[in-house]
Amino acid sequence: MSARNASNSLEPREEWGTRLGFMLAAAGSAVGLGNIWRFPFVVGESGGAAFVLIYLAFVLLIGLPLLIGEISIGRGGRANAMDSYGAVTKSKKWKFNGLIGIIVNFMILSFYSVVSGWAFYYFILALTGNLVAEDRDYGSSFGGFISDPLMPVVWQLLLMAIIIFIVMGGVKKGIERWNNILMPTLFVLLIVLVFRSVSLDGAGEGLRFFLEPDFSVINSGVILAALGQAFFSLSLASGVYVTYGSYSRSSSSITGNAGGIVFLDVMVAIMAGLIIFPAVFHYGIDPGSGPDLVFITFPAIFTDMPFGTVFAVIFFFFIFVAALTSAISLLEVVTAFVKERFNISRKIAAPVTGLVIAIVGVFASLSFGVLSHVTLIDRTIFDLLDFLSAEVLLPFAGLVMSIFLGWIWKPAAVKAEIEKEGNRFPLFTLWSFLIKYVIPLVILIVFLDSLGII
Ligand code: PHE
């Protein structure tokens, strides 16, 4: 039985409520912890502005063109992340690339839920007036929290329960409507915080770190990290856009939506950087302090500013919501696949999938404490899941996807899908050149370079 029949036999394929529905849900997936939490700490570890420039180049050169192609695969295929590859070409061979995406979603959610749980906890701390700046010994209470064997796991499991519940109900108008209100408010709040942060003493040093490139810090590891960050932050090649695109109508503008997603995603990341780095240097925090960076810096800013407690509550609420909308997309990709492949209902597929992911996720959480000594290629379970998904599997799936789009499904067919209901595909020739030659080559070179082969 084909996957398409499998989904039809149970319930008709779901669709977004409005034309904006796809855009909001897709932007909700892209904008998340990747922008507010991961971007600043990876910039910090990679030496600052030079990394940011390379990341931006990858976003424009590789991210945007692939995003256009990935949405087209879903809208054309009308099936889950794996079967859409088969549906648009009538060939089964390339489905494996969709499967890689599904596996990566699984891996990402297992560590993403850990950090989302931290954000959830910080929101509740702020709400109950218990958020404290760690003014002398930076990071001690945060460090104590994340290394605890129980507390972070409880918050992580609570978060998983929430997203399972939402995904069980289908991607409803509720999420669309929430995104509609929350995304603009998040923007306003970020702008307020940027002003607050750049006016701190010592802000100049932070801004220089973030904006003045020093190319001597660039090495193959930094370039791979920038490529990984571009893929991770855009949710690229993970099957999110195939799955979400499959619920969208043929009249939606794929190129317009892709442009909007990239713009929003980059803006939020840059604003997060403009907030974090001035504060990092003002409070004397080490920019390379890793996953802790945001959770140590933000409480410091808030406890030190007028109406800080109010800002803290709203801000952590938004980080929580931004994480939630991304986590929903991660679970949705795997759920859609399980539901259509095994011909079971969403009500069963979502909790079963979520539970298995949660179990793996607990190990990721424990790797900050009792399991911190368990390492492979010098990385803890958490770091390994992050590294393998962002810096290995997503770019690899992107490489395969560009070959699929450029040489198997072919640019003319992608153009036909995009222009099916009167939309135009601007800069098509450039797109097709990038997809066929530039993108596969650049990703390949970055891989070989990071392996020390060239
Ligand atoms: N893009 C999301 C973020 O920035 C993370 C994500 C990656 C979500 C891959 C889905 C798939 O937080």
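You'll find the structure just up there.
Not measured: the values here are computed from a predicted model.

Here we take up the site of the ligand. Near the ligand lie 16 residues; those nearest to it are Ala-30, Gly-34, Tyr-112, Phe-232 and Ser-235. Here an oxygen atom of the ligand sits 2.8 Å away from a polar atom, N or O, in the main chain of Gly-34. The separation between a nitrogen atom of the ligand and a polar main-chain atom of Ser-233 is 3.0 Å. Summarising the interface, the protein chains cover 100% of the accessible area of the ligand, which totals 320 Å² for the free molecule. For the shell around the ligand, the secondary structure elements donating two or more residues are helix H2 (19–30), helix H3 (33–45), helix H6 (95–127), helix H11 (220–234) and helix H15 (308–341). Looking at the shell around the ligand residue by residue, the class counts come to seven nonpolar, nine polar and no charged.

Judged by side-chain polarity, Ile-403, Trp-407, Ile-408, Phe-433 and Tyr-437 come together as a nonpolar surface patch covering roughly 450 Å² of accessible area. Within the secondary structure, Trp-407 is located in helix H17 (residues 381–409).

The next point concerns the environment of Arg-19. With respect to the helices and strands, Arg-19 occurs in helix H2. A C-alpha to C-alpha distance of 7.6 Å links Arg-19 and Ser-248, two positions 229 residues apart in sequence. With residues up to four places along the chain from it excluded, the contact list for Arg-19 reads Ser-251 and Ser-252.

Take the packing of aromatic side chains next. Tallying each qualifying case throughout the model produces 42 aromatic pairs. Ring geometry for Phe-209 versus Phe-277: centroids 5.3 Å apart, planes at 50 degrees, classification tilted. Taken together, the residues Phe-209 in helix H10 (residues 203–211) and Phe-277 in helix H13 (residues 254–282) connect sequence positions 68 residues apart. The class of Phe-209 is buried, set by a relative accessible area of 19%. We note Arg-379 situated over the ring of Phe-387; from NZ or CZ to the ring centre the distance is 3.7 Å. The side chain of Lys-436 reaches across the aromatic face of Trp-407, ending 4.8 Å from its centre.

Let us look at the packing of H17 against helix H19 (residues 428–450). In a packed pair of helices, the relevant descriptors are the angle between the two axes and the axis-to-axis distance. It is at 9 Å that the axes of H17 and H19 come closest, and there the two elements cross at 150 degrees. Judged by the inter-axis angle, H17 sits roughly antiparallel to H19. The handedness of the crossing between H17 and H19 comes out as left-handed. For the pair formed by H17 and H19, the contact residues are Glu-391, Val-392, Pro-395, Phe-396, Gly-398, Leu-399, Ser-402, Ile-403, Leu-405, Gly-406 and Trp-407 on the first element and Trp-431, Ile-435, Lys-436, Tyr-437, Ile-439, Pro-440, Ile-443, Leu-444 and Phe-447 on the second.

On to the side chain of Thr-243. Tracing the backbone through its elements, the reader meets Thr-243 in helix H12 (residues 240–246). A distance of 2.7 Å separates the side chain of Thr-243 from the backbone oxygen of Gly-239, its partner in a polar contact. Each residue touching Thr-243, except ones within four places of it in the same chain, is listed here: Ala-81, Glu-332, Val-333 and Ala-336.

With that settled, the discussion passes to the nonpolar core. By size, the foremost hydrophobic cluster in this structure holds 159 residues, and its most contacted members are Phe-51 and Phe-298. The dominant element in this core, judged by the number of residues it contributes, is H15, at 20 residues.

So, about H2. Most of H2 sits out of view: ten of its twelve residues are buried. Of the residues making up H2, those classed as buried are Gly-21, Phe-22, Met-23, Leu-24, Ala-25, Ala-26, Ala-27, Gly-28, Ser-29 and Ala-30.

Where H10 meets H13, the closest approach of the two axes is 7 Å, and the angle between their N-to-C directions is 135 degrees. Comparing their axes, H13 and H10 come out oblique. Helix-helix and strand crossings are classified by hand; for H10 and H13 the assignment is right-handed. When H10 is examined against H13, the residues Ala-203, Glu-205, Gly-206, Leu-207, Phe-209, Phe-210 and Leu-211 are found in contact with a partner set consisting of Ile-270, Gly-273, Leu-274, Phe-277, Pro-278 and Phe-281.

What counts and what doesn't
- Residues numbered from 1 in each chain as written.
- Predicted model: local features only at pLDDT ≥ 70, side-chain atom pairs only at ≥ 80, totals over all residues.
- Heavy atoms only, no water.
- Near = heavy atom within 4 Å.
- Polar contact = N/O pair within 3.5 Å; in protein donor to acceptor, adjacent residues only side chain to side chain.
- Areas by Shrake-Rupley, 256 points an atom, 1.4 Å probe, with all protein chains shown as cover.
- Helix = DSSP H or I, 4+ residues; strand = E, 2+ residues; numbered from the N terminus.
- Nonpolar A, V, L, I, M, F, W, Y, C, P; charged D, E, K, R; others polar.
- Patch = residues over 30% accessible without salt bridge, like charges linked within 9 Å, V, L, I, M, F, W, Y side chains within 5 Å.
- Salt bridge = Lys/Arg side-chain N within 4 Å of Asp/Glu carboxyl O.
- Contact = heavy atoms within 4.5 Å.
- Phe/Tyr/Trp six-rings, centres within 6.5 Å; stacked < 30°, edge-to-face > 60°.
- Buried < 20%, exposed > 50% of the residue type's maximum accessible area, 1.4 Å probe, protein only.
- Lys NZ or Arg CZ within 6 Å of the ring centre and 35° of its normal.
- Axes fitted to C-alpha atoms, helices over the stretch in contact; angles between N-to-C directions.
- Parallel < 35°, antiparallel > 145°, perpendicular 65-115°, else oblique.
- Left-handed = near helix turned anticlockwise from the far one by under 90°.
- Core = buried A, V, L, I, M, F, W, Y, C linked by side-chain atoms within 4.5 Å.

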